[in-house]
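Structure assessment
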Amino acid sequence: MKTIFFMIFCSMLLSDISELPIGFTDEELRNKHLINNMGSRTEPPIGPVRSIAEYEPMQGVLIRYPFGISTSLIAAMAEDVIIYCLVSNSSENSAYNSMNNAGVNMDNVEFINGSTDSYWTRDYGPWWVVDGNGEIGIVDFTYNRPRPNDNQAPYKVSQHLNVPYYSADVISTGGNYMTDGFGISAATHIAYTENDECNTNDQFSIPLSSCEYVDNIMEEYYGIDTYHVVADPNNEYIDHIDCWGKFLSPTKMLIREVPTSHPQYNMIEEVTSYFSSVLTSEGTPWEIYRVNTPNNQPYTNSLILNNKVFVPIMNSTWDGPALEVYESALPNYIIEPFTGSWQATDALHCRVKGIPDLSYLQFISGDVNMDDSIDVLDVVFTVNHVLGMNTLSPNQIQLADMNDDGIVNILDVIQIVNLIIG
Ligand code: ARG
């Protein structure tokens, strides 16, 4: 009898650890001050830095075990990409078995050894940039929760994938961040209010007046020249932008919509008109799509993964119309609905995070100096390399090797010249 009670007690404890309740636990609230000690700062990457958007080519996704998503969703993602699963040593076998039993393609699963505190890999997982040398790296931030194991995940991922690691020491969270891949990002007010240096408590302005401290870090470390920080319109504790909006492409954006009788109607329309008034990186107005969420369905909390969009559904009559919005906004994508333990404040996007395709060349062949144009400077760079007067980086060698024969020589120079004279 005693042992049974003990087992029940232990399992209660364990379930408490693996599935933290909404917001902060009592202990986390007491430990909130620890957040400031979790951060660290490195030099920024070599500029110009460019942040990678969710809809760029991805080689994998980051999840953790115990899972926050169904094994059927994991199996679906493993059809196309690698599942990078953070797991503690002692749980690796169970993680393996539960995926294997569910028919996940285990050739596409890699374990990253490391304990985590929660399953919100979106929130604590790495943010990715391309540096001035065309190299992909991680620029870490300080997770806005006192969850030290989670906070260390980006470093562990950088070690596992052998990519450069930088850290900006700005307090943030991935669920409250989106970027267009061209220097524009957006977040709710906590991007400023949770950084004491901003010295603001503003939770109502759309947009907030800028906080130079955060904006400068965003520019230096992430290449963000335009940071839209707006009051969260949802009236929930979480204040994550992924609970109401999403960049679908560099020109398209999705924002939730509610009936006029909904208490948040005015504020949601206010953020929508703000985003209608600002421009995309192409200098055009955003094409804004609206998805109906009358009962606070988390339809904006989806994951774009290469040519697919995984959308959280609720088994409600509103699912169909939501999926149709995605289909019309992204006609070349496959839209795949998934059920789960979704909530208004926490759904599919919160629990998965894309890992960019590290082999994807960030510049076009011939753009050897990586300045986004092919001109005489690229010829000079290549000729100097051939003459042994400078050395190109591995990325640049790939860009200069026009005929793909593994060596950079006069034949490549001729091809670049031909490209220029057309
Ligand atoms: N209870 C979790 C927390 O407060 C929810 C995380 C939701 N994540 C998200 N991207 N919306 O940390």
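Residues numbered from 1 in each chain as written. Predicted model: local features only at pLDDT ≥ 70, side-chain atom pairs only at ≥ 80, totals over all residues.

Bringing the environment of Asp 319 into the picture now. Take Asp 319: it is sitting in helix 12 (residues 319-329). Using a count of 17 C-beta atoms within 10 Å as the deciding quantity, one classes Asp 319 as partly exposed. (Helix = DSSP H or I, 4+ residues; strand = E, 2+ residues; numbered from the N terminus. Buried ≥ 20, exposed ≤ 12 C-beta atoms within 10 Å, placed from the backbone.)

Time to look at unusual backbone geometry. With omega at -5 degrees, the peptide bond leading from Tyr 65 into Pro 66 counts as cis. Note that Pro 66 resides in the loop between strand 2 (58-64) and helix 4 (71-78). Of note, the bond from Ile 206 into Pro 207 is cis; its omega dihedral lies within 30 degrees of zero at 0 degrees. Take Pro 207: it is sitting in the loop between helix 9 (190-193) and helix 10 (212-222). Even without being glycine, Asn 199 reaches a positive phi, approximately 55 degrees. Position of Asn 199 relative to the elements: it lies in the loop between helix 9 and helix 10.

Here we take up the packing of helix 13 (residues 376-386) against helix 15 (residues 410-421). At their nearest, the axes of helix 13 and helix 15 sit 10 Å apart, and the two run at 175 degrees to each other. Considering the angle they form, helix 13 stands roughly antiparallel to helix 15. Facing helix 13, whose interface residues are Val 376, Asp 378, Val 379, Thr 382, Val 383 and Val 386, helix 15 presents Ile 410, Asp 412, Val 413, Ile 416, Val 417 and Ile 420. When the residues that make up the contact of helix 13 with helix 15 are grouped by side-chain class, the tally is nine nonpolar, one polar and two charged. (Axes fitted to C-alpha atoms, helices over the stretch in contact; angles between N-to-C directions. Parallel < 35°, antiparallel > 145°, perpendicular 65-115°, else oblique. Contact = placed C-beta atoms within 7 Å. Nonpolar A, V, L, I, M, F, W, Y, C, P; charged D, E, K, R; others polar.)

Neighbouring the ligand are 14 residues; Trp 120, Gly 175, His 240, Asp 346 and Cys 350 lie closest to it. Across the shell around the ligand, the residue classes tally to five nonpolar, four polar and five charged. (Near = placed C-beta within 6 Å.)

Further remarks concern the confidence of the model for the protein. Summary statistics for the protein give a mean pLDDT of 94 and a share of 95% for residues scoring 70 or more. Note on residues 4-18: pLDDT is under 50 here. Beyond four places in sequence and across chains, it has one contact. (pLDDT = per-residue confidence, 0-100.)

Turning next to helix 12. Buried within helix 12 we find Ala 322, Tyr 326 and Ala 329. Along the long axis of helix 12, the arc covered by the buried residues comes to 70 degrees, so they all point the same way. When the buried face of helix 12 is taken as reference, the exposed residues oriented beyond 90 degrees from it are Gly 320, Pro 321, Glu 324 and Ser 328. (Arc of directions from axis to C-beta.)

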